[in-house]
Amino acid sequence: HRLTHADARVPDAVATYVVEEALPADLPERSHFFWSSGATCRRALERWPILRERWHGSGPGHTRDVVTELIGDAARVGVWLDYDAWYREVVA
């Protein structure tokens, strides 16, 4: 079994915590995103579907699979080992 959060939507997962991340009001004004949680990405896209047209990144694991499925365009989803690596390459 995978230990994960309540919104993970993973078969055979055991939910051990709840992800409560606030979404910044200026999210629609941004062009690049690094997701550490597929559930957070899902909530952002439900609120602002236009974000699918932007550029997204995540780590190489399950979150990448979820983000790629949600975005629907693998060319718009990059993989980095962590946020710092993404930040150095994309933002800085």
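This text follows the structure it describes.
Residues numbered from 1 in each chain as written. Predicted model: local features only at pLDDT ≥ 70, side-chain atom pairs only at ≥ 80, totals over all residues. Heavy atoms only, no water.

J.: Can you tell me about helix H2 (residues 62-71), naming the residues and giving the values?
T.: Residues Thr63, Val66, Val67, Thr68, Leu70 and Ile71 constitute the buried set of H2. Check the buried side of H2 and you find it contacts strand E3 (32-35), helix H1 (38-47), strand E4 (55-58) and strand E5 (77-79). With its phi angle positive at about 80 degrees, Gly72 sits one or two positions after the end of H2. (Buried < 20%, exposed > 50% of the residue type's maximum accessible area, 1.4 Å probe, protein only. Helix = DSSP H or I, 4+ residues; strand = E, 2+ residues; numbered from the N terminus. Contact = heavy atoms within 4.5 Å.)

J.: How would you sum up the packing of H1 against H2? Please name residues and give values.
T.: Viewed as axis vectors pointing N to C, H1 and H2 meet at an angle of 20 degrees, and their least axial separation amounts to 8 Å. The orientation of H1 relative to H2 falls into the category roughly parallel. Viewed along their axes, H1 and H2 form a crossing whose handedness is right-handed. Of H2, the residues touching H1 (which contributes Gly38, Cys41, Arg42 and Leu45) are Thr63, Val66, Val67, Leu70 and Ile71. Across the contact of H1 with H2, the residue classes break down as six nonpolar, two polar and one charged. (Axes fitted to C-alpha atoms, helices over the stretch in contact; angles between N-to-C directions. Parallel < 35°, antiparallel > 145°, perpendicular 65-115°, else oblique. Left-handed = near helix turned anticlockwise from the far one by under 90°. Nonpolar A, V, L, I, M, F, W, Y, C, P; charged D, E, K, R; others polar.)

J.: Give a detailed account of the packing of aromatic side chains, specifying residues and quantitative values.
T.: On inspection of all chains with the given rule, the structure shows five aromatic pairs. For the pair Phe33 and Trp35, a centre-to-centre distance of 5.6 Å together with 15 degrees between the ring planes defines the contact as stacked. Each member of the pair, Phe33 together with Trp35, is buried. Relative to Tyr87, the ring of Tyr83 lies with its centre 5.9 Å away and its plane at 35 degrees, an arrangement referred to as tilted. Residue Tyr83 and its partner Tyr87 are located together in helix H3 (residues 83-91), separated by four residues, close to a single helical turn. These aromatic residues form a ring-pair network of at least three members: Phe34, Tyr83, Trp86 and Tyr87. In this structure, Arg76 packs its charged tip against the face of Trp55, placed 4.3 Å from the ring centre. (Phe/Tyr/Trp six-rings, centres within 6.5 Å; stacked < 30°, edge-to-face > 60°. Lys NZ or Arg CZ within 6 Å of the ring centre and 35° of its normal.)

J.: Kindly report on the pairing of E3, identifying the contributing residues and their values.
T.: Judged from the four bridges that link them, E3 and E4 form a sheet pairing that is parallel. Residue pairing in the sheet places Trp35 in a bridge with Ser58 of E4. For the crossover that starts at E3, traverses H1 and ends in the parallel E4, the hand is right-handed. (Pairing = 2+ DSSP bridges. Right-handed = clockwise from strand over helix to strand, strands pointing away.)

J.: Could you give an account of H1, naming the residues involved and the relevant values?
T.: Most of H1 is tucked away, with seven of its ten residues classed as buried. All of the buried residues along H1 are Gly38, Ala39, Thr40, Cys41, Arg42, Ala44 and Leu45. Its side-chain oxygen 3.2 Å from the backbone nitrogen of Ala39, Ser37 forms the N-cap of H1. (Polar contact = N/O pair within 3.5 Å; in protein donor to acceptor, adjacent residues only side chain to side chain.)

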